Amino acid sequence: MSYTNSVSMDDGNMVFNLMPNADFGYKVHGDPFSTNTRRVLAVLLEKGISYEPITVDLKTGEHKRESYLSLNPFGQVPVFEDGNIKLCESRAITQYIAYVHSSRGTQLLNLQSHKTMATLTMWMEFEAHQFDPFASVLTWEQVIKPIYGLETDQTVVEENETGLENVLNVYEKRLQESRFLACNTFTLVDLHHLPNIQYLLGTPTKKLFENRPKVRTWVDDITGREAWKLACDHDKSWFGK
Amino acid sequence: MDWTKKVYRLVPNWKRESEVKNLGYKVHGNPFSTSTRRVLAVLLEKGLSYESITVDLKSGEHKTESFLSLNPFGQIPVFVDGNIKLHESRAITQYIAYVHSTRGTQLLYLQSHETMAILTVWMEIEAHQFDPFASKLTWEQAIKPIYGLETDQVVVKENEANLEKVLDIYEKRLGKYRFLACNTFTLADLHHLPNIQYLLGTPTKRLFEDRPKVLKWVGEITGREAWKMACDHEKYWFGKQTK
């Protein structure tokens, strides 16, 4: 089966709205405010797949206790359950769902050819190895630490903003040739960026996105997606379930 | 389906030079770089030939305009297949492993969504749990001295403490499976090789030696023919340049 690049983001959103939810008995152990948990929710929602959310209380350290470590020995959220399969690492989970349900809901891969998939895989690696190291530290310092009553280290923020600026300069050039990062349609690559970007838009770091016109358009596009807004709505997408 | 038998039938293929497939692949990199070796390992496991083009890291060639036009992040390796240029070693290894999935060593586990999912999880674990500590330890103890810089023992201690926790989890896992993802060698194991190889030449090697299952696994994967070739810079890098 081949998918053309002519599917627009609007079609993706429309498909999302009209599609009934499919139930495969999936469970997500996590926290609705965790970037990694939201990454997984985003894919499930883009695909119109329902799931049972099971809250892991990070504040009381539930993720470091024996009972949770038997689910994920690395003591991190989320853990995704599909029958007797238990998966950790959000980017492995998102890929699993995107492949298993590749013909359902929003098309998140670019399965036309080995070459298009190679470009997509490469950009997924960029997000993981170039963007995330800086973006996640900035999220931790400015958003998470205050929640735990810890003080933001401005030196660390400055350092990581400089690192992130270099990455965003590369993104700015790329987005002149391509509407989204991997190709002209929204894919898993763009989705993987969402959790950190969402938090950083509420911090001074947002100026890094605003200063770059193509990046800014892209950020607006991807954060404006229905499925993403739902992933961030913890009442509807987590506690309401 | 007995996949172990299929794997053993395919293994000798890569050894016969005349059968090595030449698809015009090029690798821009450096034979001592961990990321470059990660890519070479896959090409060699698959019996694929390639042209090696050295990027002189010491003189900062990877930050020059001409190299940045190949990879704007200024990192090696860059893999060229016709008009497609790929960077990020783990994207390159996956590309080669998928395109040539029926050739040479079987590095994926495509016969089941479930096992491919577990393999993907272990590739992510290598990238996000193992590599952050292992690559810093390699940098401090193996690379910095080459550039005449001093090893920071505080950083080494910190990262060893973290790596130990990761290896404790590996020890449990390898008590159930011969390799990380399943009972056959896959990309998940291969991705670990470049850092492990360097760390075996540093005091950090005791972290592997203290854990019997991990030690056995390290012995098996570093003993693979293709891996030894990937580390042989005379034959498998400088011997493959066309200049």
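Rules used throughout
- Residues numbered from 1 in each chain as written.
- Chains lettered and ligands numbered in written order.
- Predicted model: local features only at pLDDT ≥ 70, side-chain atom pairs only at ≥ 80, totals over all residues.
- Heavy atoms only, no water.
- UniProt positions renumbered as here; feature names shortened; annotations may be inferred.
- Pairing = 2+ DSSP bridges.
- Helix = DSSP H or I, 4+ residues; strand = E, 2+ residues; numbered from the N terminus.
- Right-handed = clockwise from strand over helix to strand, strands pointing away.
- Contact = heavy atoms within 4.5 Å.
- Buried area = accessible area lost by both parts, 1.4 Å probe.
- Salt bridge = Lys/Arg side-chain N within 4 Å of Asp/Glu carboxyl O.
- Polar contact = N/O pair within 3.5 Å; in protein donor to acceptor, adjacent residues only side chain to side chain.
- Nonpolar A, V, L, I, M, F, W, Y, C, P; charged D, E, K, R; others polar.
- Phe/Tyr/Trp six-rings, centres within 6.5 Å; stacked < 30°, edge-to-face > 60°.
- Buried < 20%, exposed > 50% of the residue type's maximum accessible area, 1.4 Å probe, protein only.
- Lys NZ or Arg CZ within 6 Å of the ring centre and 35° of its normal.

Per an unreviewed UniProt entry, chain B carries the name glutathione transferase and comes from Brassica cretica. The UniProt entry for chain B carries this comment under Sequence similarities (unreviewed entry): "Belongs to the GST superfamily. Phi family."

Per an unreviewed UniProt entry, chain A goes by the name glutathione transferase and belongs to Brassica cretica. Heading Sequence similarities (unreviewed entry) of the UniProt record for chain A holds this comment: "Belongs to the GST superfamily. Phi family." In the Subcellular location (unreviewed entry) part of its UniProt record, chain A is described as follows: "Cytoplasm, Cytosol".

Undergrad: Please explain the pairing of strand β2 (residues 51-54) of chain B as it appears in this structure.
TA: Looking down a regular strand, the side chains alternate between one sheet face and the other. With 4 bridges connecting them, strand β1 (residues 26-29) of chain B and β2(B) associate as parallel partners. Following the sheet pairing, B:Val27 is matched in β2(B) by B:Ser52.

Undergrad: What exactly am I supposed to notice about the pairing of strand β2 (residues 49-55) of chain A here?
TA: Residue and element names in this part refer to chain A. Note that strand β1 (residues 22-30) and β2 share 7 bridges and pair parallel. Bridge pairing in β2 places valine 28 opposite proline 53. Taking the sense of rotation as the criterion, the β-α-β connection linking β1, helix α2 (residues 35-46) and β2 turns out right-handed.

Undergrad: When you look at the UniProt feature "domain: GST N-terminal" (unreviewed entry) in chain B in this model, what are you seeing that I'm missing?
TA: As recorded in UniProt, the sites labelled "domain: GST N-terminal" (unreviewed entry) are residues 23-104 of chain B. Split by type, residues 23-104 of chain B is 33% helix and 20% strand. Its first and last C-alpha atoms lie 15 Å apart.

Undergrad: What is the right way to read the UniProt feature "domain: GST N-terminal" (unreviewed entry) in chain A from this model?
TA: As annotated by UniProt and renumbered to match this structure, "domain: GST N-terminal" (unreviewed entry) occupies residues 24-105 of chain A. End C-alpha atoms of residues 24-105 of chain A are separated by 15 Å, and the span's content is 33% helix alongside 26% strand.

Undergrad: What exactly am I supposed to notice about the interface of chain A and chain B here?
TA: A common way to express how large an interface is: the accessible area buried when the components associate. Tallying the contact residues gives 29 residues for chain A and 30 residues for chain B. A combined buried area of about 2,700 Å² lies between chain A and chain B, and 70% of that area is made up of carbon and sulfur atoms. Counting the contacts that link chain A with chain B gives 0 salt bridges. Along the contact surface separating chain A from chain B lie 4 residue pairs in polar contact (both at pLDDT 80 or more). Counting only elements with at least two residues in the side of chain A that touches chain B, the list comes to β4 (85-87), α4 (90-100), α5 (114-147) and α6 (154-177) of chain A. The element contributing the most residues to the side of chain A that touches chain B is α5(A), with 11 residues. The class makeup of the residues in the side of chain A that touches chain B is 16 nonpolar, 8 polar and 5 charged.

Undergrad: Quick question: what am I supposed to make of the packing of aromatic side chains here?
TA: A ring pair, where both rings are aromatic, is described by two values, the distance of the centres and the angle of the planes. This structure, assessed with the given rule, holds 15 aromatic pairs over all chains. Residues A:Trp123 and A:Tyr171 carry aromatic rings whose centres are separated by 5.7 Å and whose planes lie at 70° to one another, so their mutual orientation is edge-to-face. Here A:Trp123, found in helix α5, pairs with A:Tyr171, found in helix α6; they are 48 residues apart in sequence, far enough to count as distant. A single burial state applies to A:Trp123 and to A:Tyr171, both of which are buried. Ring plane angle 65° and centroid distance 6.3 Å describe the contact between B:Phe79 and B:Tyr95, whose orientation is recorded as edge-to-face. In this pair, B:Phe79 is assigned in strand β3 (residues 78-81) and B:Tyr95 in helix α4 (residues 89-99), connecting sequence segments 16 residues apart. There is no split in this pair, since B:Phe79 and B:Tyr95 are both buried. Across the ring face of B:Tyr147, the terminal group of B:Lys58 is positioned such that the distance to the ring centre comes to 5.9 Å.

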